[in-house]
Amino acid sequence: MGSLKNEEELEAKEAILYVNGVRRVLPDGLAHLTLLEYLRGLTGTKLGCGEGGCGACTVMASYFDRNLKKCVHHALNACLAPLYSVEGMHVITVEGVGSRRSELHPVQESLAQSHGSQCGFCTPGFVMSMYALLRSSKVPPTEEQIEESLAGNLCRCTGYRPIVDAFRVFAKTNDTLYTNAQGPTGGELLCPSTGKPCSCGSKAANDGEKSRACGSGLTPISYSEIDGSSYTNKELIFPPELLLRKLTYLNLCGSGGLKWYRPLRLQNVLDLKVRYPDAKLVVGNTEVGIEMRLKRIRYPVLISVTHVPELNVLSAKEDGLEIGSAVRLSELLSVLRKVTAERAPDETSSCRAFIEQIKWFAGTQIRNVASVGGNICTASPISDLNPLWMAAGAKFRIIDFKGNIRTVLAENFFLGYRKVDLASGEVLLSVFLPWTRPFEHVKEFKQAHRRDDDIAIVNAGMRVYFEVKDQSNCLWWRCPSFTFCIKNKRFFDWEELEQELLQGALAVLEQDILIKEDAPGGMVEFRKSLTLSFFFKFFLWVSHEMDGQDYFGESIPSSHLSAVQSFHRPPVMGSHDFEVRKHGTSVGSSEVHLSARLQVTGEAEYTDDTPIPPNCLHAAFVMSRKPHARILAIDDVEARSSAGFAGIFYVNDVPGDNMTGPIIADEELFASELVTCVGQVIGVVVADTHENAKLAARNVHVQYEELPAILSIEEAVKSKSFHPNTERILTKGDVEHCFRSGECDKVIEGEVQVGGQEHFYLEPHSSLIWTMDGGNEVHMISSTQAPQKHQKYVSHVLGLAMSKVVCKTKRIGGGFGGKETRSASIAAVAAVPSYLLNRPVKITLDRDIDMMISGQRHSFLGKYKVGFTNDGKVLALDLKIFNNAGNSLDLSLAILEHAMFHSNNVYDIPNVRVCGRVCFTNFPSNTAFRGFGGPQGMLIAENWIQRIATEVSKSPEEIREINFASEGSVMHYSQRIEHCTLQRVWNELKSSCNFLNARKEVEQFNLHNRWKKRGVAMIPTNFGISFTVKFMNQAGALVQVYTDGTVLVTHGGVEMGQGLHTKVAQIAASSFNIPLSSVFISETSTDKVPNASPTAASASSDMYGAAVLDACEQIKARMEPIGARHNFSSFAELANACYMERIDLSAHGFFITPDIGFDWETGKGKPFRYFTYGAAFAEVEIDTLTGDFHTRTADVFLDLGFSLNPAIDVGQIEGAFVQGWGWVALEELKWGDASHKWIPPGCLFTCGPGNYKIPSVNDVPFKFKVSLLKGAPNVKAIHSSKAVGEPPFFLASCVFFAIKDAIIAARAESGCNSWFPLDNPATPERIRMACIDEFTKPFADNNFRPKLSV
Ligand SMILES: Cc1cc2nc3c(=O)[nH]c(=O)nc-3n(C[C@H](O)[C@H](O)[C@H](O)COP(=O)(O)OP(=O)(O)OC[C@H]3O[C@@H](n4cnc5c(N)ncnc54)[C@H](O)[C@@H]3O)c2cc1C
Ligand code: FES
Ligand code: FES
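These numbers come from a predicted model, not from an experiment.

1. A few points about the overall build of the protein chain
For the protein chain, the count of helices and strands is 37 helices and 50 strands. Its C-alpha radius of gyration of 31 Å places the protein chain within 12% of the 34 Å reference for a compact globule of 1350 residues. Across its three principal directions, the C-alpha atoms of the protein chain cover 100 × 85 × 70 Å. Evaluated residue by residue, the protein chain yields a buried proportion of 65% over its 1350 residues. Put simply, 77% of the contacts in the protein chain that link residues at least 6 apart link residues at least 24 apart.

2. A few points about the site of ligand 1
Close to ligand 1 lie 32 residues; Lys280, Leu281, Val283, Thr286 and Ser371 are nearest. Measuring from an oxygen atom of ligand 1, one finds a backbone N or O atom of Glu287 at 2.9 Å. The separation between an oxygen atom of ligand 1 and a polar main-chain atom of Val288 is 2.9 Å. If ligand 1 stood free it would expose 990 Å²; the protein chains cover 92% of that surface. Looking at the shell around ligand 1, the elements that each hand over two or more residues are strand 9 (280-282), helix 14 (372-378) and strand 17 (427-434). No other element matches helix 14, which puts 5 residues into the shell around ligand 1. When grouped by side-chain class, the residues that make up the shell around ligand 1 number 14 nonpolar, 11 polar and 7 charged.

3. Digging into the pairing of strand 4 (residues 70-77)
Strand 4 sits mainly inside the fold: 6 of its 8 residues count as buried. As judged from the 8 bridges shared by strand 3 (residues 58-65) and strand 4, these two strands associate in the antiparallel manner. Residue pairing for strand 4: Tyr63 is matched across the bridge by Val72. Linking strand 3 to strand 4, which pair antiparallel, is a turn of 4 residues; within it Lys69 sits at a positive phi near 55°.

4. Considering the packing of aromatic side chains
Counting across every chain of the model gives 38 aromatic pairs. With centroids separated by 6.4 Å and ring planes inclined at 85°, the aromatic side chains of Phe445 and Phe538 adopt a geometry described as edge-to-face. Highlighted residues: Phe445 in strand 18 (residues 440-448) and Phe538 in helix 18 (residues 524-545), separated in sequence by 93 residues. The residues Phe445 and Phe538 share a single accessibility class, namely buried. Cluster of aromatic residues (ring-pair linked, three or more members): Phe901, Tyr973, Phe1158, Trp1160, Phe1168, Phe1171 and Tyr1173. Against the face of Phe1316 rests Lys1300, its NZ or CZ located 4.9 Å from the ring centre. One cation-aromatic arrangement involves Arg1307 over Phe1316; the distance from NZ or CZ to the ring centre is 4.1 Å.

5. A word on the UniProt feature "active site" (unreviewed entry) in the protein chain
In the numbering adopted here, UniProt assigns the feature "active site" (unreviewed entry) to Glu1286. Relative to the assigned elements, Glu1286 resides in the loop between strand 50 (1263-1268) and helix 36 (1293-1309). Of the residues examined, Glu1286 reaches a relative accessible area of 9% and is grouped as buried. Apart from residues no more than four positions distant in its own chain, Glu1286 is found in contact with Arg930, Gly931, Phe932, Phe1023, Ala1097 and Ser1098.

6. Notes on helix 27 (residues 892-901)
Note: α-helices contain 3.6 residues per turn, so residues at a spacing of three or four share the same orientation. In terms of burial, helix 27 is largely enclosed, as 10 of its 10 residues are buried. Within the sequence span of helix 27, burial applies to Ser892, Leu893, Ala894, Ile895, Leu896, Glu897, His898, Ala899, Met900 and Phe901.

7. Section: empty space enclosed by the protein
In total, this model carries 15 cavities of 30 Å³ or more according to the counting rule given. What lines the largest cavity is a set of 16 residues, and nearest its centre among them are Glu667, Val681, Arg822, Ser825 and Ile853. Broken down by secondary-structure element, the contributors of at least two residues to the lining of the largest cavity are strand 27 (667-668) and helix 25 (822-837). Considering every element that reaches the lining of the largest cavity, the biggest residue donor is helix 25, with 4 residues. In this structure, the second largest cavity spans a volume of roughly 210 Å³. In terms of residue count, the dominant contributor to the lining of the second largest cavity is strand 4 (3 residues).

8. Comments concerning the sheet that holds strand 41 (residues 1034-1041)
Taken in spatial order, the 4 strands line up as 43-42-41-45 in an open sheet, and their pairing is mixed. Strands at the two margins of the open sheet, each flanked by one partner only, are strand 43 (1079-1081) and strand 45 (1146-1152). The average undirected angle you get between the axes of adjacent strands in this sheet is 25°. Sheet analysis places strand 42 (residues 1047-1051) next to strand 43, joined by 3 bridges and oriented parallel. Looking at the pairing, Leu1048 lines up with Phe1080 of strand 43.

9. Examining the UniProt feature "binding site: [2Fe-2S] cluster 1" (unreviewed entry) in the protein chain
According to UniProt, the feature "binding site: [2Fe-2S] cluster 1" (unreviewed entry) maps to Cys49, Cys54, Cys57 and Cys79 in the numbering used here. A stretch of 31 residues holds the annotated residues, and the largest C-alpha distance among them is 10.1 Å, short enough that they meet in one place. For Cys49, the position within the fold is in the loop between helix 2 (35-39) and strand 3. For Cys49, a relative accessible area of 9% gives the class buried. When near neighbours in sequence (up to four residues on either side) are disregarded, Cys49 contacts Cys54, Arg847 and Pro1249.

10. Here's the deal with the pattern of salt bridges
One pass over the structure, following the stated rule, counts 73 salt bridges. One salt bridge connects Glu961 with Lys990, and the closest N-O pair in it is separated by 2.6 Å. With Glu961 in helix 29 (residues 956-963) and Lys990 in helix 30 (residues 982-992), this residue pair connects regions lying 29 residues apart in the sequence. Classification of Lys990 by relative accessible area gives partly exposed; the value is 26%. Notably, a salt bridge pairs Glu1179 with Arg1192, separated by 2.7 Å at the nearest N-O pair. Of the two residues, Glu1179 sits in strand 48 (residues 1170-1183) while Arg1192 sits in strand 49 (residues 1189-1198), which places them 13 residues apart along the sequence. For Glu1179, a relative accessible area of 10% gives the class buried. Each of the salt bridges in this network shares a partner with another, and the network as a whole consists of Arg40, Lys46, Asp608, Asp609 and Lys842.

So, how was this worked out
Sequence order as written defines the numbering, with residues in each chain counted from 1. Naming scheme: in the order in which they are written, chains are lettered from A and ligands are numbered from 1. Where local features are concerned, this predicted model is filtered to residues with pLDDT of at least 70; where side-chain atom pairs are given and counted, the filter is 80 or more; whole-chain, interface and lining totals use all residues. Side-chain descriptors were evaluated using all non-hydrogen atoms of the structure, hydrogens and water having been removed beforehand. Only DSSP runs of H or I with at least four residues qualify as helices, and only runs of E with at least two residues qualify as strands; both kinds are numbered from the N terminus onward. All radius of gyration figures rest on C-alpha atoms, and the globule criterion is 2.2 Å times the number of residues raised to 0.38. For the exposure calls, accessible area comes from a 1.4 Å probe over protein chains only, and a residue counts as buried if that area is under 20% of its type's maximum, exposed if over 50%, partly exposed in between. Contact criterion: two residues are considered in contact whenever any of their non-hydrogen atoms come within 4.5 Å of each other. We call a residue near a molecule or strand whenever a single non-hydrogen atom of that residue lies within 4 Å of it. For the purposes of these results, a polar contact is taken to be a pair of N or O atoms within 3.5 Å, where, inside protein, one atom must be able to donate a hydrogen and its partner to accept one; residues adjacent in sequence count only when each atom of the pair is a side-chain atom. Areas reported as accessible are Shrake-Rupley estimates using a 1.4 Å probe. Residue values count occlusion only from the protein chains shown. In this classification, Asp, Glu, Lys and Arg are treated as charged, Ala, Val, Leu, Ile, Met, Phe, Trp, Tyr, Cys and Pro as nonpolar, and every other residue, Gly included, as polar. Two strands are said to pair when DSSP picks up at least two bridges between them. Here a pair means two rings of Phe, Tyr or Trp (six-membered ring of Trp) with centres within 6.5 Å. Their orientation is stacked below 30 degrees between planes, edge-to-face above 60, and tilted elsewhere. Cation placement over rings: the criterion is NZ of Lys or CZ of Arg within 6 Å of the ring centroid and within 35° of the ring normal. UniProt positions are given in the numbering used here, feature names are shortened, and annotations may be inferred rather than shown by experiment. Space inside and on the surface of the protein is sampled on a 1 Å grid over the protein atoms alone, with a cavity defined as a set of points where a 1.4 Å probe fits but cannot get out and a pocket as an open set with protein on both sides within 12 Å along at least 5 of 7 lines; lining residues have an atom within 4 Å of a point. Grid points are joined across faces, edges and corners, and a volume is the space filled by probe spheres set on the points. Only C-alpha atoms enter the line fits that serve as axes; for helices the fit covers just the stretch in contact. Angles between N-to-C directions range over 0 to 180 degrees. A side-chain nitrogen of Lys or Arg and a carboxyl oxygen of Asp or Glu constitute a salt bridge if their distance falls within 4 Å.

In structure tokens form, the structure reads like this:
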């Protein structure tokens, strides 16, 4: 073997990298950088999370594999890849794929045309994942492969369906390029489902009132060649230099003395280990990167072993498979697939188990870089593969620095929590996976919150080997932990096996599972139950595998097969049904989002993409670590001496007023004496880089005197901890009298807990603030839904006139309510150093900080008393609701009020009393989130409706129907219902989903399947449109016509993906009778349109559309006399003629929503302009043993009047539905409270995509249909349309109630037919524990209710 010196002699003269075909020399000293940090000068590669969990940073890396003699292309997460790990490679970012100036790549074009980009922040990542898949495939990928390749990319806006449809076209061959199709202004409509001219409707749809059903008639389109060379002639080729260039040894360094080595031979790795025994080997850096960045562990020496041939062996031998420790998981997966196809099935039981397990291991980007050795040596208790290595009898080969090799059985390698049998000088060389024998079976198990890209709650590998001794007729069941013998039987039938073997094994297991009550991760009862469930599944699976073999008699009962069948996800099928009502040139058309083409190319700029001005500083917060405490002392000496430090500021430095708040000023910008939540800002540090600012902030040490903290609604209610003056009451009829009168056949009481939700906009909070004119003016660019609030907060805390403060927002990467008020405090904090130092300051929150401090959807507690007849007619509702506001009022009172307005959902109840209180708790202030309390109020209502159904033995749908409000009904807030389309919507949905048939089929399924159950539900909604605070229902706009006939529109609303600018531009285009392409909206700016309300409450298209129309009408009126004089051939000619006649071509438009207003003193008024009605149906299937579930069908119906843009509206519905799906069935916030003692008090455990799961592409309903009610113009809003943003969110609760329906069927099998509570989100834990059976009973009783932070 050579020496280190020999290899060092081969060291490269320079380290290089190609980025988008351009050669770059990598200087020494950058070992601390990630590829993303290096690339951020390009705007396309985004920072969404920095921990490999969102895919926004996806790029493609290509290298020439000398062994395979081919270029290898793969997608990876640039946020985790160390910069030097791609040395010698070609990195392609979204900018290298295609641009508007050159040409869009078909992947980009298809995504744009298919309405697959809303806010666009996730879009480049999706483009890159798809592009890498196509570049790395020799043949067109299957639809399943496409969906699989997107599992590591998150989108919070679209609901994924349009993205999948955009990419599905590449799965097929022999069709024409869809790019031949006409674009949005080409006259031919594009189907929102396929992104191509509608193949299922007709051109006539353009002409008026035809309706269309898209999706089912999808004609796929693709390319015959997809190897990367034939998309366009501008495709980036692999740089010839890299084909010839040999990889070289690297010895580079980074900040803080970090050393980075890239040896190319094993001996050199060993030599380096002698020199640096504690050096970390890295391959994917997916573990080390997280440790260094998030856990702040310092590793001074990193040895990249990715290119060491001895660690990359992958060879099938006589007795098994040898796998080098640096082999990446995606490589392992393809080799396992190959050997499984080539070898006898008997031999590959382990291989199949690994294939299944790797399928659910992280996302593609992680699997492409993460190594087998990295996973093993991390020895993480949640490793998906380590239990399988142990079960499969794998052996690990370990080499020391002298070259001595020893072999250890996998089951002996793991010594404890993150401890392995590996001395500091040793390296894991390879893994040997033996082939299985006949009668040997290996199976994998994993249950996580989300099926895709999630860490396991419990995982397992199990193996059994049957040894049959003919002479004794004994069957030996040998598992690693048990050996059982069934004696003297000629045949072994299932019941005997169950009795003798299963029960014995379960008894052993039950004793073996030791998890402490307060174990980290919680979910103790679930984890214990899962262990038994897994074994039971294994037992059934093995029995099934052995079916028909010698010695096995009877098969397992057919209903038990439901525990065995593995989950297979069919591709998503989306379909739509709507009518097109065109008005003028553009209104009513399915125009593509105006920024879509900028977004798919990565050219669209977000706040964090703004070029950093010279002299700019970066800010980081000094935050409270206690939920409630007195600040005793602050020691910032260390911070002041840290690198790049430029200043630190506290409460006494605030030039203006330290007290802020959107409604009342009850919130300190900087904490003065007390802190009232973890994450509360105490000070702000500014430094030359973001990293240095964070480091300095961490070096500020605060001494506290801890005070008692209130950490739940229940505690707040008990100690009467409410925000002042927030008691609200609404009444109708006389509840008490009704209960007393005996009219009610039954009266029930109960409690509903409603979980919160993180916004998880893909773009974190970000602001760039600078001063002008010597500090006389302050300007900022902010990611906010409310630029005017930023302006107001900043002027307030700086003591400056509002007229001297400007806030601009071009677009934001999602908001959903989370950037309505909380973003303003963040900008205001950063404004203080900017103003005082007279320098630009940038603040961009890391994902964990963003989630921890910026508030969420409120959790609620509802206590109800409902009286009803034996038919289920509700006569009286007495409801107390509480929301968890956190430590300041923010918008919590308005949110509570909204919940109270919606607390009857769509039901007409003669006697109602709703009392509400806003709870003060020691959590960060909760805030607006799509629906603004409405969904919480409605979810509480549907819970008691569902309970009434159980009480009167009817279906919940029957109860719903007999209680529907109708035309003329008067709500409990005195508003009379007008233009009610609820019954129509409901009836159309009922026939569209064929509800009665669906229920029958589900019942049949449930009859024949013991361990899988299906459930169905239909849920209605009515969502009140308007800000319920009257003055906010005003909107301004500025319209300017130029002499070339183009129009610049500015209005007070913010584009956050919802297509507001597109709809508003359509209104202007139709008004002037010009093409949409002649209208432009650049940005939202407080110096163009003053005093704008936040973009919220779903009402922005109504209000800003009307304000713009008002301005257009004014200009048209001024143009009219000129137009009447001549016959102008174009609008440009007319505009120019008006200019020559000195006509003012600029107008300010204004709109106030008429006829609304509510008086809380009297409890009377009209809070809403109108209602958006909707209904949805879902069918789900649950695995009662694990709690896993999937949505088989979702059918959503909405009344949107005459849609301004059906494609955008469908996109809003799908996006809202999937976000609502997350709220009811997946997303769980875990706070340090009495229910979660393993989390420090007041801290958020779920503060990143690693622990907090939002829906991924594989959670989308298999069949997802969206329909808009036809022929129902809305007389109360612009062009007869209706608002869409929030109303569909709640409809996802049909999934929740379908899950409950399935659980009811499961409980019935155990003889339990009584009502039970189910909290949202219905996670696998809640589902599984509610499906009581023999595997839950040892650990929890029938009334067990998993813990929830409320
Ligand atoms: C977003 C995300 C999702 C994830 N999902 C999953 C999941 O679903 N299931 C799961 O099990 N894990 C998951 N992980 C964890 C991680 O990706 C895996 O453990 C991965 O296999 C680690 O490999 P790596 O090459 O990136 O390790 P690295 O970070 O490069 O190294 C990890 C450790 O292994 C040591 N090491 C590496 N090679 C050797 C060797 N040859 N000899 C001795 N020591 C060695 C290193 O010194 C280091 O301590 C996830 C991680 C992320 C960031
Ligand atoms: S930013 Fe890299 S995965 Fe989220
Ligand atoms: S479009 Fe995907 S996150 Fe907004």
